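Here are the chains, one letter per residue:
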Amino acid sequence: MNSTAYWRDLVVTTVTDPAEAARQLMALGLGRDVLWLALALAVVLNTTIQAASNVLFTTIDPAFQGIALSLVTYAAIVGGGLILTIFTIFHIGRMMGGQGAFEDVMVLMVWMQFLRVLVQAAGVILLLTVPFLSVLLALVAFLIGVYIFVHFIDQAHRLGSPGRAAGVLIASIVAIAIVSFILLSLVGGPIPGTLPNV
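Figured I'd write up the structure that's included with this text. (Residues numbered from 1 in each chain as written. Predicted model: local features only at pLDDT ≥ 70, side-chain atom pairs only at ≥ 80, totals over all residues. Heavy atoms only, no water.)

## Examining the overall build of the chain
Next up, step 1: When you go through the chain residue by residue, the secondary structure sums to 7 helices and 0 strands.
Next up, step 2: Listing every helix and strand of the chain by position from the N terminus yields α-α-α-α-α-α-α.
Next up, step 3: Residue burial in the chain is summarised as follows: out of 198 residues, 34% are buried.
Next up, step 4: For the chain, restricting intrachain contacts to residue pairs at least 6 apart in sequence, the fraction spanning at least 24 positions comes to 70%.
Next up, step 5: On the chain, roughly 11,300 Å² of surface is accessible, and the fraction owed to carbon and sulfur atoms is 73%. (Helix = DSSP H or I, 4+ residues; strand = E, 2+ residues; numbered from the N terminus. Buried < 20%, exposed > 50% of the residue type's maximum accessible area, 1.4 Å probe, protein only. Contact = heavy atoms within 4.5 Å. Areas by Shrake-Rupley, 256 points an atom, 1.4 Å probe, with all protein chains shown as cover.)

Structure follows, in structure tokens:
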């Protein structure tokens, strides 16, 4: 089950038949302790790819040097955002008639984060070789990601309808936006739509 071939096949299945991939992932029956460790590993890998991108960008164009976030800040944003997404998808799904367990939602969201790491790694390679394709990859990955996300939510909450799952996704995005707005307001960060004091 832990062989390279299994995970490679699961990546392919996630793209071609996300509902089946979701069922396979949930059938693993992973506990929260394992899932939290997997989440931490995904964040570390994501941050490592970002570090490589930072080095690459500053090598290509020094003007990017002052733009890149610190890796600690980046890791905190990625980890916090992933945790917020998991809790929001779980609770919004429940409010909209879903029956999924927290572990079901978590394993699927963490798996999507690992897929994101693969896409980011491919993007860095393409940026070094064929920059135009890196942009195309980002667009295609976004569209496929939304498709996978909807089917994962549908399977996690046993909704029986991708349309209802899309509703959960939209409601979750709105909820996350509201929470982010409130948090930014509390910590004194910039609020979208406002101008900084000059």
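## Comments concerning the packing of helix 2 (residues 18-27) against helix 5 (residues 102-129)
Next up, step 1: Remark: helix 2 packs on helix 5, axes separated minimally by 9 Å, with the N-to-C direction vectors making an angle of 120°. One way to sum up the angle between helix 2 and helix 5 is to call them oblique. Between helix 2 and helix 5 lies a crossing whose hand is right-handed. Residues Ala 22, Leu 25 and Met 26 of helix 2 touch helix 5, and the partners they reach there are Asp 104, Val 107, Leu 108 and Trp 111. (Axes fitted to C-alpha atoms, helices over the stretch in contact; angles between N-to-C directions. Parallel < 35°, antiparallel > 145°, perpendicular 65-115°, else oblique. Left-handed = near helix turned anticlockwise from the far one by under 90°.)

## Re the nonpolar core
In globular proteins that are soluble, nonpolar side chains generally tend to be buried together.
Next up, step 1: Residues Ile 86, Leu 108, Met 109, Phe 152 and Ile 153 are the most contacted members of the largest nonpolar core, which totals 36 residues.
Next up, step 2: Among the secondary structure elements, those contributing two or more residues to this core are helix 1 (4-16), helix 2, helix 3 (32-60), helix 4 (71-95), helix 5, helix 6 (131-156) and helix 7 (162-187).
Next up, step 3: Looking at this core element by element, the count peaks at 10 residues for helix 5. (Core = buried A, V, L, I, M, F, W, Y, C linked by side-chain atoms within 4.5 Å.)

## Details of a nonpolar patch on the surface
Next up, step 1: A cluster of nonpolar side chains, Val 15, Val 130, Phe 132, Leu 133, Leu 136, Leu 139, Val 140, Phe 142, Leu 143, Ile 144 and Val 146, forms an exposed patch at the surface whose accessible area comes to about 940 Å².
Next up, step 2: At 9 residues, the largest contribution of residues to the nonpolar patch is made by helix 6.
Next up, step 3: Relative to the helices and strands, Phe 142 is located in helix 6. (Patch = residues over 30% accessible without salt bridge, like charges linked within 9 Å, V, L, I, M, F, W, Y side chains within 5 Å. Salt bridge = Lys/Arg side-chain N within 4 Å of Asp/Glu carboxyl O.)

## A closer look at the side chain of Asp 104
Next up, step 1: Tracing the backbone through its elements, the reader meets Asp 104 in helix 5.
Next up, step 2: Ignoring anything within four residues of it in the chain, the contact list for Asp 104 reads Met 26, Ala 156 and Arg 158.

## Side note on the side chain of Asn 46
Next up, step 1: Tracing the chain through its elements places Asn 46 in helix 3.
Next up, step 2: Of the residues examined, Asn 46 reaches a relative accessible area of 0% and is grouped as buried.

## A short note on the packing of aromatic side chains
Next up, step 1: Summed over all chains, the structure comprises 4 aromatic pairs.
Next up, step 2: Taking the centre distance of 5.0 Å and the plane angle of 80° together, the rings of Tyr 6 and Trp 7 count as edge-to-face.
Next up, step 3: An aromatic cluster is present here, built from Tyr 6, Trp 7 and Trp 111 joined pairwise through their rings. (Phe/Tyr/Trp six-rings, centres within 6.5 Å; stacked < 30°, edge-to-face > 60°.)

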